[in-house]
Amino acid sequence: MALSNVVETPASGFNFENVSRNVALEGLLEGGHTKAPKPMKTGTTIAGVVCKDGVVLGADTRATSGEVVADKMCAKIHYISPNMYCCGAGTAADTEKTTDLLSSNLTIFSMNSGRNPRVVMAVNILQDMLFRYRGQIGASLILGGVDCTGNHLYTVGPYGSIDNVPYLAMGSGDLAALGILEDRFKPNMELEEAKQLVRDAIHSGIMSDLGSGNNIDICVITKQGVDYIRPYQESEYKDKRQRRYKYRPGTTSILTEKIVPLELEVVQETVQRMDTA
Amino acid sequence: MKICLKIVSGHFYGDNGKMKEYHYTGPVEHRFSPYSFNGGTVLAVAGEDFAIVASDTRLSEGYSIHSRDSPKCYKLTNTTVIGCSGFHGDCLTLTKIIDARLKMYKHSNNKSMTSGAIAAMLSTILYGRRFFPYYVYNIIGGLDEEGKGAVYSFDPVGSYQRDTYKAGGSASAMLQPLLDNQIGFKNMEGVQHLPLNQEKAVQLVKDVFISAAERDVYTGDALRICIVTKEGIKEETVPLRKD
């Protein structure tokens, strides 16, 4: 389908079919006794830093749905291409689908042209798509990558705005992380120093912000390759419960039991090895 | 704020499927809200001759933390502890009012108030503000006149009842079913109904708060446990997740 033309703008500029459908659905649901499902937000701290040899991206691993922690080990650093990774904050589904779409489009492009995609191309595609949807797609992204023109770090906001800076933080814990970054960032840092800085920035977001927590993931992108360290640091809070909560078989009462014997005969038997590596 | 309802049925009328107006119609009035939600979870368990009141110590607002050391259990008398969570401003004022009333009672009647009496008094204090309620979820834990453990749980406008165990506050919906199962032995077949002793109860309370801190963002930092026995009130502090 999309062989020659990678990025197609749909026929009409803005596509808002689903908005009127959602409003109608909400009206129906409010009148009844059910509520519309709340989308899972990541309520996050993500940060990125450009250093001498490449780009370091970091993220926490907590996903919240309102005030409840929905996922304690969610992956917020998404793969875009072998030389680019993207951290996402905001609505979880939006960040995942947007980055997946971008990754697929860039793979088709690099197969077509035989070149590695450049970071500016990815940023332009993202900006195009998010602006087209006028902020309805709640994805705040930090895109970092290394290409033939150098090391780049960009942020794309949900309304389609871009910023190209050497250090960034986004998400609900961004102010806490930015405090650490503003204090200790220096241009052309060494790789280890940059990793430590990003780790400290995410840690500050985790401790000060209720929407961020659990472990820290780090992704280091250099000309030589990518080092995706998940988790870079595990949470120091392991749940140490004192009592054991196990139930004997038979604790849940069986109210009725119905056994239906199935008449089966073996017709053919094949053995297939599963790859369990 | 959630208030207990005891009605049988009600009819709901609403605008179904009406499109929201997106056009600017004129000056927009932003109401000032006198309440804010400061988080926190409270728990109380009554045993044969003891009562436990436990609360976390995190005070939050929105996604920020105001304090990591703000316990929500307050000692009222030698035999009664109250746990208050919800809007911190109202929690402080309410405990001040209760303290003053306790002193007045002591001076007029020459004895301290019993747990049951404090519970009844709190109910009238809360209902006195029926039309501008105290945004506080209260749980009183203490010993009754016979020396047995007693727990009284309240809603923000004063409806109360005596319980064996109750959880209130932001993680109450997560803790209450676990307590129903472990203390009330609900939904279990063929399990011995052993009475709860103090050591097991304290362990259960610690475990239950560790679980709540894992999944509720407003609960964490530290756990303050007040154990009420006829010897007096003993306090214990246990660290919880800080993230």
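Here the structure is a predicted model, which means the values were calculated and not measured.

A.B. asks: Would you mind showing me how to read the overall build of chain B here?
C.D. replies: Each helix and strand counted, chain B has four helices and 12 strands in total. Viewed in the frame of its principal axes, chain B has a C-alpha envelope of about 65 × 50 × 40 Å. The buried share among the 243 residues of chain B stands at 50%. Sequence separation of at least 24 residues holds for 60% of the intrachain contacts in chain B that already meet a minimum separation of 6. Surface exposure of chain B reaches about 13,000 Å², of which carbon and sulfur atoms provide 53%. Once the 28 positive and 26 negative side-chain charges of chain B are each reduced to a mean point, those two points are 4 Å apart.

A.B. asks: What is the right way to read the confidence of the model for chain B from this model?
C.D. replies: Residues and elements named next belong to chain B. Per-residue confidence for chain B averages 89 on the pLDDT scale, and 91% of its residues sit at or above 70. Considering only residues more than four positions removed or in separate chains, one finds that residues 8-21, a stretch of pLDDT under 50, has 10 contacts. Here the complex is predicted with pTM 0.80, and the ipTM for its interfaces comes to 0.79.

A.B. asks: What should I look at first to understand the nonpolar core in this one?
C.D. replies: Across soluble globular proteins, you tend to see nonpolar side chains buried next to one another. Residues and elements named next belong to chain B. Counting residues in hydrophobic clusters, the biggest one holds 24 residues, and the most contacted among them are Leu43, Ile52, Leu179, Val205, Phe209, Leu223 and Ile225. Element by element, the count of residues in this core is highest for helix H4 (residues 198-215), at eight residues. Those residues in contact with Ile225 that lie beyond four places of it in its chain are Ile52, Val53, Ala54, Val202, Val205, Lys206, Lys234, Glu235 and Glu236.

A.B. asks: Would you take a moment to explain the sheet that holds strand E11 (residues 216-222) of chain A for this structure?
C.D. replies: Strand pairing in a sheet is mediated by backbone hydrogen bonds. Such pairs are either parallel or antiparallel. Residue and element names in this part refer to chain A. Pairing within the open sheet is antiparallel, and its five strands lie in the order E10-E1-E2-E11-E12. Strand pairing shows two members of the sheet lacking a second neighbour, strand E10 (167-170) and strand E12 (226-233), which therefore form its edges. Neighbour-to-neighbour, the strand axes of this sheet turn through a mean angle of 15°, independent of strand direction. Where strand E2 (residues 54-60) and E11 come together, seven bridges link them in antiparallel fashion. Bridging from a neighbouring strand, Leu57 pairs with Cys219 of E11. Along the sheet face, helix H4 (residues 174-184) touches strand E1 (46-50) and E10 and points at about 165° away from the line of E10. Across the face of the sheet, helix H5 (residues 191-208) comes into contact with E1, E2, E11 and E12 while running at roughly 20° to E2.

A.B. asks: Sorry if this is basic, but what is going on with the UniProt feature "active site" (unreviewed entry) in chain A here?
C.D. replies: As annotated in UniProt, the feature "active site" (unreviewed entry) corresponds to Thr44(A) in the numbering used here. Leaving out residues up to four positions away in the same chain, Thr44(A) has contacts with Asp60(A), Lys76(A), Ala89(A), Met170(A), Gly171(A), Ser172(A), Gly173(A), Asp209(A), Gly211(A) and Ser212(A).

A.B. asks: Help me understand the interface of chain B and chain A, please; the structure alone is not making it clear to me.
C.D. replies: Interface extent is often summarised as the accessible area lost during association of the parts. Contacts between the two partners involve 39 residues from chain B and, on the opposite side, 38 residues from chain A. For the pairing of chain B and chain A, the buried interface totals around 3,400 Å² over both sides, and the portion due to carbon and sulfur atoms is 52%. For the chain B face of the interface with chain A, the top three residues by lost area are Tyr63(B), Arg215(B) and Asp243(B), together amounting to 22%. Where chain B touches chain A, the interface holds two salt bridges.

How each quantity is defined
Residues numbered from 1 in each chain as written. Chains lettered and ligands numbered in written order. Predicted model: local features only at pLDDT ≥ 70, side-chain atom pairs only at ≥ 80, totals over all residues. Heavy atoms only, no water. Helix = DSSP H or I, 4+ residues; strand = E, 2+ residues; numbered from the N terminus. Buried < 20%, exposed > 50% of the residue type's maximum accessible area, 1.4 Å probe, protein only. Contact = heavy atoms within 4.5 Å. Areas by Shrake-Rupley, 256 points an atom, 1.4 Å probe, with all protein chains shown as cover. Lys, Arg positive; Asp, Glu negative; His and termini not counted. Charge placed at Lys NZ, Arg CZ, Asp CG, Glu CD. pLDDT = per-residue confidence, 0-100. Core = buried A, V, L, I, M, F, W, Y, C linked by side-chain atoms within 4.5 Å. Pairing = 2+ DSSP bridges. Axes fitted to C-alpha atoms, helices over the stretch in contact; angles between N-to-C directions. UniProt positions renumbered as here; feature names shortened; annotations may be inferred. Buried area = accessible area lost by both parts, 1.4 Å probe. Salt bridge = Lys/Arg side-chain N within 4 Å of Asp/Glu carboxyl O.

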